[in-house]
Amino acid sequence: MADAAEFQGPSASPARRRLRRAGALLAGAPLLAGLLQLTAVEPAQAAPAASADSVSVALDSLTPSAPTEDDTLTVSGTVINNGRQTVTGAHVGLRVGPLLNTRSAVDGIAQHPNDLRGGTGDELGDKYTEKFSKLVPGVAEHFSISVPADELHLGKDGVYSFGVSVSGKTSARPWDQMLGIERTFLPWQSSEADTKSRTTFMWPLISSVHMTARTGAGERQTPVFQDDELAKEIAPGGRLAQMMDLGRDLDVTWVIDPDLLAAVDAMANGYRVQQSDGSTKAGSRENQDVAKQWLAGIQQSVAGKEVVALPFADPDLASLAHTGTSVTGSLSHLKDATDVAALTVKTVLHVTPTTDFAWPVEGAVDPSIIKVATSAGADRVIARSDSLRESAGLSYTPSAARPIGGGTTAVVADARMSTAFEGDLTKADASTLAVQQFLAQSLEANVQKDEQRSIVVAPQRTPTASQAQAMATAMKALQDGNWSQPETLTAAAKAKPDPDATTRIPSSSAYPSSLRKQELPRSAFEQIADTEDKLDNFQVILTDQSRVVTPFGRAINRGMSTSWRGQATKADGFRADVLNYLDNLGGQVKLIDKSETKLSGRSATIPVTVQNNLVQPVGHLYLRLSSTQPTRLKISGKAYDEQPVEVAGGHSQSVKFTTSANANGRATVLAQLYTEDGQEYGDPVSFDVKVTEVTPTVMLVIGGGVLLLVLAGFRMYTQRKRAAARQAESDGDGDGPHEAEADSGDGSGNPDSTEDRLPEESGSPAGAAGPDQPGDPAPDTAPESADPSGTGERVDR
């Protein structure tokens, strides 16, 4: 054998070596497959997390949300077998986990509520379970379990992890195992806390933009709405109707956009809705009644509560700060929106609101936002703790108020509690988890420190109906709890600040890029500035400026609303519609086009017509008529002349200018309206004036006409003289009695008788009225036509 071992013999060929390797692989394949199968089976048997999705648990209700010692906790929900195999011997049980000592621990469970590998705790026992003989795949089974609070065996006050689990067997795993779980929180404050947090919950009453700048022409100026969506929101069951009803019984601070109140008030008094073809239709009487009911309800809901009025239409402060300030005049609109806010709320709700607060989107701030937010008079800015982050490593949540310099206070809302109700909460399970998470964060913040602190909650601006319901459920539980007391937003802003809390405003680079992408672009503010310039030029000619200034001023505010975030195309369309409508109104006051005018002499009067199709009179205008060739044609002896213009509503007015020609030919004349401050108004009108010289032929015709008149007059004079001479001769031949008879006026001697008239008198020229009253000559010119002048109109001297 040794010899054999030492003697290796010739080496195998390459082909033979490849054949040997293939045979070895084929021989070892079954063994490798078995090893892999064992490796795959062992973790499945050892780790329950592998079947985490086989059965899902939905916790639909947990009442009371924060139990005390004398309460009975009732938990209900559904379980669904999502696997392919039927689960047998199943039961649903309750599990109380460990006491959570930090707010971060609450975050961890909230992010992974269905993780079987977390701290699930032990089941309370068979007494508090619900059993199912089997769970068929895809079929939901309902459960409801009640347990006295003292059977939960909770210890010290605080937040406990709480879970609902389902266990059972399958044919693949014929042993009892946990197949699914949903974990949440159980706030436990058995008695009144020695120190209670002061909690401010901002209850936002904000909607999107609904009203346009358009109004009816009548005295009431019926407003025109973009659509009828607002009616759906305020109708019973609508989002804003529920916000109103839910907030009535809560200790909250109402945060209201005055534009919403103005829109509902306008709807209640009659409105029209814009159609896709540009026309409008009357809003329904039913919607008017709904608006009246909602206004009456909100007046009752806010009675006795603090009301904070945002600037009108809730302008986007971050957009103003980052892009709007580069456009001249943008900040002035924020001031206007702030000034009108208090008046609107007081007029509609009959309460005096607070206007000291500015609320940037999601409480995200930087130095430029703070500067803009306070430029209109607000000295308190609502920020959020995920923007104004603590840098000193505090182990507790400080009070909301932070002095940030310049007399300004940042009121920092708690980010965890403020964002607890975001997302889709239409399902009962999601809503229940949101409520329990909110309460857990509130109690966890309270037990962090023995000193009383102010906590502010600033939820999303426009919560859905389901989100509002969850918010109300949480607030109701908080009000009934033992660790919190309500506080107004003003009181929270005035509370003593924590000396260790940060007051440093984050830099502009720290502003979230996701929010920056949604901001209004510079072009939006340029469009708004253009509208403002045209409005200023238009309003000066009006006798009743409020009919235009008010609707367009509010429309400008709406053009920079926060509600346009994420709707760039719709926002552009709204602003363009405002500008186009203003152009249309301004164009109702204009000059009428004029054709070529002919002057048949050296001077003439030229009329220019101003038309006013508005319902109100216009004035404070001047019409200037300018000659582009003053050496040929002068206006009132100079290059141009201007006259004041006042035109009644729905009428036209002709303004006449005296012109004089120095030479024959064509001269161009320009008519332009100006406002009192010298600004051009409307488009100019240009027309030609053709000057023609007085020719000898014309003079001959005129001279001949004069000669004929002279000859006719001379003939009449000689005839009258001869007639008088004959009358005198006749009188000299008669006797006395005959004269007496003639003088008596009776019988045949009546002087009115045609028999005694001279042949020349009775046969006097046509038109003569008698010997002593020659008739007026017949007119030798046709009456002037009142029709508009046509091409080549002739202006006589």
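For clarity, every value in this text was computed on a predicted model and none was experimentally measured. (Residues numbered from 1 in each chain as written. Predicted model: local features only at pLDDT ≥ 70, side-chain atom pairs only at ≥ 80, totals over all residues. Heavy atoms only, no water.)

Engineer: Looking at this model, I keep getting lost on the pairing of strand β20 (residues 454–457). Mind explaining?
Structural biologist: Here is the key point about a regular strand: its side chains alternate between the two faces of the sheet. Taking every second residue as pointing to the same face, both faces of β20 are buried, with Ser454 and Val456 on one and Ile455 and Val457 on the other. Note: strand β9 (residues 197–205) against β20, 4 bridges, orientation parallel. Residue pairing in the sheet places threonine 199 in a bridge with isoleucine 455 of β20. (Buried < 20%, exposed > 50% of the residue type's maximum accessible area, 1.4 Å probe, protein only. Helix = DSSP H or I, 4+ residues; strand = E, 2+ residues; numbered from the N terminus. Pairing = 2+ DSSP bridges.)

Engineer: Can you help me understand the environment of glutamate 519 in this one?
Structural biologist: In this fold, glutamate 519 is placed in the loop between α15 (513–516) and α16 (522–539). Since its relative accessible area comes to 11%, glutamate 519 is described here as buried. Linking glutamate 519 and glutamine 567, residues 48 residues apart in sequence, is a C-alpha distance of 10.0 Å. Beyond its immediate sequence surroundings of up to four residues, glutamate 519 is in contact with Ala318, Ser319, His322, Tyr511 and Arg565. Polar side-chain contacts of glutamate 519 include one of 2.7 Å to the side chain of histidine 322. (Contact = heavy atoms within 4.5 Å. Polar contact = N/O pair within 3.5 Å; in protein donor to acceptor, adjacent residues only side chain to side chain.)

Engineer: What's the story with a nonpolar patch on the surface in this structure? I'm lost.
Structural biologist: Among the surface-exposed residues, Leu707, Leu708 and Leu711 lie close enough to one another that they form a single nonpolar patch of about 320 Å² accessible area. Along the chain, leucine 708 turns up in helix α19 (residues 696–733). (Patch = residues over 30% accessible without salt bridge, like charges linked within 9 Å, V, L, I, M, F, W, Y side chains within 5 Å. Areas by Shrake-Rupley, 256 points an atom, 1.4 Å probe, with all protein chains shown as cover. Salt bridge = Lys/Arg side-chain N within 4 Å of Asp/Glu carboxyl O.)

Engineer: Any chance you could explain the pattern of salt bridges here in plain terms?
Structural biologist: Opposite charge on two side chains lets them pair, provided their charged atoms get close. The tally for this structure, following the rule as stated, stands at 26 salt bridges. A salt bridge links lysine 335 to aspartate 339; the nearest nitrogen and oxygen atoms lie 2.9 Å apart. Of the two residues, lysine 335 and aspartate 339 are both situated in helix α9 (residues 330–349); the distance of 4 residues between them amounts to about one turn of the helix. Through salt bridges with shared partners, a single network forms among Asp316, Glu519 and Arg565.

Engineer: Would you take a moment to explain the side chain of glutamine 467 for this structure?
Structural biologist: Mapping glutamine 467 onto the fold places it in helix α13 (residues 465–480). Within the structure, the side chain of glutamine 467 is placed 2.9 Å from the side chain of glutamine 460, a separation counted as a polar contact. Those residues in contact with glutamine 467 that sit more than four places away from it in its chain are Phe421, Glu422, Gly423, Leu425 and Gln460.

Engineer: I keep staring at the sheet that holds strand β10 (residues 211–215) and nothing clicks. Help me out?
Structural biologist: Two modes of strand pairing occur in sheets, parallel and antiparallel, and in both the strands are linked by backbone hydrogen bonds. With mixed pairing, the 4 strands of this open sheet are ordered in space as β10-β11-β13-β14. Where the open sheet ends on each side, the last strands, each with one partner, are β10 and β14 (280–282). For this sheet, the mean inter-axis angle between neighbouring strands, taken without regard to orientation, is 35°. Looking at chain direction, β10 and strand β11 (residues 223–225) are connected through 2 bridges and run antiparallel. When the bridges of β11 are listed, methionine 211 appears paired with phenylalanine 225. Along the sheet, helix α6 (residues 258–268) makes contact with β10 and β11, crossing β11 at roughly 110°. Strands in contact with helix α18 (residues 568–586) are β10 and β13 (272–274); relative to β10, the strand with the most contacts, it is inclined by about 10°. (Axes fitted to C-alpha atoms, helices over the stretch in contact; angles between N-to-C directions.)

Engineer: Explanation requested: the packing of helix α12 (residues 428–446) against α13 in the structure shown.
Structural biologist: Packed helices, taken two at a time, are described by their axes: the angle between them and the distance between them. Axis separation between α12 and α13 bottoms out at 9 Å; the angle between their running directions is 40°. Taken together, α12 and α13 sit at an angle that is classed as oblique. Judged by the twist between their axes, the crossing of α12 over α13 is right-handed. Taking contact as the criterion, the partners of Ser431, Val435, Phe438, Leu439 and Ser442 in α12 are, on α13, Ala470, Thr473, Ala474, Ala477 and Leu478. (Parallel < 35°, antiparallel > 145°, perpendicular 65-115°, else oblique. Left-handed = near helix turned anticlockwise from the far one by under 90°.)

Engineer: Where do I start with the packing of α6 against α9 in this structure?
Structural biologist: Two elements in contact, α6 and α9, have axes whose closest approach is 9 Å; the angle formed by their N-to-C orientations is 45°. By the criterion of interaxial angle, the relationship of α6 to α9 is oblique. Note that α6 runs across α9; the crossing there is left-handed. From α6, Pro258, Leu261, Ala262 and Asp265 reach across to α9, where they touch Ala341, Thr344, Val345, Val348 and Leu349. The class makeup of the residues in the contact of α6 with α9 is 7 nonpolar, 1 polar and 1 charged. (Nonpolar A, V, L, I, M, F, W, Y, C, P; charged D, E, K, R; others polar.)

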